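Summary of the model geometry
These are the residues of each chain, in order.
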Amino acid sequence: MDNYTIADNFSLLSKLMEINGENSFKAKSFSSAAFTIEKLPAQLKDMPRDEIFRIKGIGESTGKAILEMLDTNAFSLLEQYLLITPPGILEIMKLKGLGPKKIATIWKELEIESMGELLYACNENRLMLLKGFGAKTQENVRQNIEFYLANRHRFLFAEVDALGHSLEGKLKDLFAPAPVSLTGAFRRNNPIIDEVEILIAAPAEAVVQQLSALPGLALSETQQQHSTWQLDEKLKIVAHSCEPKDFYAQLFATTGAAPFIDKFNAAGGASFIKEAVSEEAIFSAADMAFIPPCLREGGKEIDLAKNKQLPELITPADIKGIIHSHSNWSDGESSLKEMALAAKAKGFEYIVISDHSRTAFYANGLQIERVLQQHAEIDALNKELAPFKIFKSIESDILNDGALDYPDEILAKFDLVIASVHANLKMTEEKAMARLLKAIENPYTTILGHMTGRLLLSRNGYPVDHKAIIDACAANNVVIELNAHPRRLDIDWTWLPYAIEKNVLISIDPDAHSIQGFDDVKYGTLAAQKGGITKANNLSSYTVDMLETYLQQRKQLKNIHS
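Quick look at the structure, then.

Rules of the game
- Residues numbered from 1 in each chain as written.
- Predicted model: local features only at pLDDT ≥ 70, side-chain atom pairs only at ≥ 80, totals over all residues.
- Heavy atoms only, no water.
- Helix = DSSP H or I, 4+ residues; strand = E, 2+ residues; numbered from the N terminus.
- Rg over C-alpha atoms; globule rule 2.2 N^0.38 Å.
- Buried < 20%, exposed > 50% of the residue type's maximum accessible area, 1.4 Å probe, protein only.
- Areas by Shrake-Rupley, 256 points an atom, 1.4 Å probe, with all protein chains shown as cover.
- Lys, Arg positive; Asp, Glu negative; His and termini not counted.
- Salt bridge = Lys/Arg side-chain N within 4 Å of Asp/Glu carboxyl O.
- Contact = heavy atoms within 4.5 Å.
- Phe/Tyr/Trp six-rings, centres within 6.5 Å; stacked < 30°, edge-to-face > 60°.
- Lys NZ or Arg CZ within 6 Å of the ring centre and 35° of its normal.
- Polar contact = N/O pair within 3.5 Å; in protein donor to acceptor, adjacent residues only side chain to side chain.

1. As for the overall build of the protein
Scanning the protein from N- to C-terminus turns up 24 helices and 14 strands. Its C-alpha atoms give the protein a radius of gyration of 26 Å, near enough to 24 Å, the size a compact globule of 562 residues would have. Counting only C-alpha atoms, the protein reaches 75 × 65 × 50 Å along its principal axes. Taking all 562 residues of the protein together, the buried fraction comes to 52%. Of the accessible surface of the protein, which amounts to about 25,900 Å², a share of 51% is contributed by carbon and sulfur atoms.

Given below as structure tokens:
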């Protein structure tokens, strides 16, 4: 077991003990141990056993529990509490805004043991009768339940990316030489996937027979040329069958979003689909440039294709450097040198280290003296690693009043500043806009980080007027981040065409807290493609020389002297 798994087990146990009315001091000891373990620089499994008991925050009982998990891969005390806690309570624990004490009250006083019961109780205003609950709390619980229920069978594209392509490969082998292709929202690289669709040029009966033999697939229903499956009891797979002569017509029809198909047909393209020999032939016959699957959403792509003005979409190979990454100076896993060497080994020309600012105490944010110490280390590494370059940056918290997290004389020392909201996310649109606009107007803000603070399938972002934000970035020469973490992908791709229209640069940034996080650039690029971004529209596609020039010119424009 790694540290994160052990910490998660302790954290879960602490909550279950509190829910079940256990002594709060005992519950907190496991919670405190979880916090300690998450911050350890070394893995517990690699430590001498007696050293574990000398870690500050690890007592006799927590130390013995760690040894049990390391030796047996099990945790008996946690298993005992899982046995006496209804499964529905465990699901309720996933809701945001409900702590163990409130869950215990709901369970013991209202005898609620499932998400459905809790939603019903909210709709009946029963939570308002409980001590510590009010109308606002009840409404928040209701909204969180509805959000959870609407998203529990949905997946991030990154979560099913490898699985979808693996399934396609297996089915191509299984049905060869018949053509097989992924289709639908998955083929369009949508950030959220409800189902993985696949098209097979084979009779429906043969498709059902062959898929039934694959491990983990269970047939849910069949309907003429379509069959629906559950993979490992959670991911929905839809298999479409067709005759070989209809393969490309069906691939075209099942790939495009409904608005795209409607617009294509309205533009006179319907007559060119039947029995087409390829998708390229369909577009050619309709006198359009080929529209990549990722763009087939029903925006302006039809008009652009008719006028042969489709952009040359950005690719992962166009990313020249890693912008927005965290080292172990704040909450990252690796040292500056390790991050730089890993980026260099992957073929990048530079890395922008953007550790957290001082207000982010939870992330070991940098106080001013540590900023200066980090800059000294970066200067030394840049001499050692040249021509590879580490740029000095910070992810500065946007404070409640819209100010950045350091005085101007410190902000001026950074090559660039990424300004982001991390705290007090429950804002009205008026509050959010005032906060963001002030930060954008700050001359030291180079990039606006993860604009809405959303976490896909977990947390809605705070409400913003996207057009007003983009307009402000255009007026103040501020770049907008497309945070490439698969759970963020923020700014949403649907707003990228407007940013392009306003000549606002985008920056595809992985927000990497580890070397593995560099790979998230792929998912940011896929989202950028959907919005029509080219390498010319993207800051992280700049070479090291181009980025240096851009940042110097921007400082001159803003009259910033370091």
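Having put the structure on the table, let's press on.
2. Describing the side chain of R488
For R488, the location among the structural elements is in the loop between β13 (479–483) and α22 (496–501). For R488, which is buried and forms no salt bridge, the nearest opposite charge comes from D511, at a distance of 4.0 Å. Beyond its immediate chain neighbours, meaning those up to four positions away, R488 contacts H450, G453, R454, L455, L456, R459, N483 and D511.

3. Section: the packing of aromatic side chains
Under the defined criterion, the tally for this structure stands at 14 aromatic pairs. Where F252 meets F264, the ring centres are 4.8 Å apart and the plane angle is 55°; that geometry is what we call tilted. Here F252 is found in helix α13 (residues 247–255), whereas its partner F264 is found in helix α14 (residues 258–266), with 12 residues between them in sequence. Clustering of aromatic rings is evident, with ring pairs tying together F252, F260, F264, F283 and F290. Over the ring of W493 we find K530, and its NZ or CZ is 4.8 Å from the ring centre.

4. Examining unusual backbone geometry
Residues other than glycine predominantly adopt negative phi, and peptide bonds predominantly adopt the trans conformation. A176 connects to P177 through a cis peptide bond whose omega is 10°. The peptide bond linking A386 to P387 adopts the cis configuration, its omega dihedral lying at 10°. Position of P387 relative to the elements: it lies in the loop between α18 (368–385) and β10 (389–397). You will see that D287, though not glycine, has its phi angle at about 60°, which is positive. Following the sequence through the fold, D287 ends up in the loop between α15 (279–285) and α16 (301–306). Classification of D287 by relative accessible area gives exposed; the value is 52%. The residue H324 is not glycine, and still its phi comes out positive at about 75°. Structurally, H324 is set in strand β8 (residues 321–325).

5. Some remarks on the side chain of T105
Inspection of the secondary structure puts T105 in helix α7 (residues 100–110). A distance of 3.0 Å separates a polar atom in the side chain of T105 from the backbone oxygen of K101. Ignoring sequence-local partners within four residues, the contact set of T105 consists of L110, L130 and F133.

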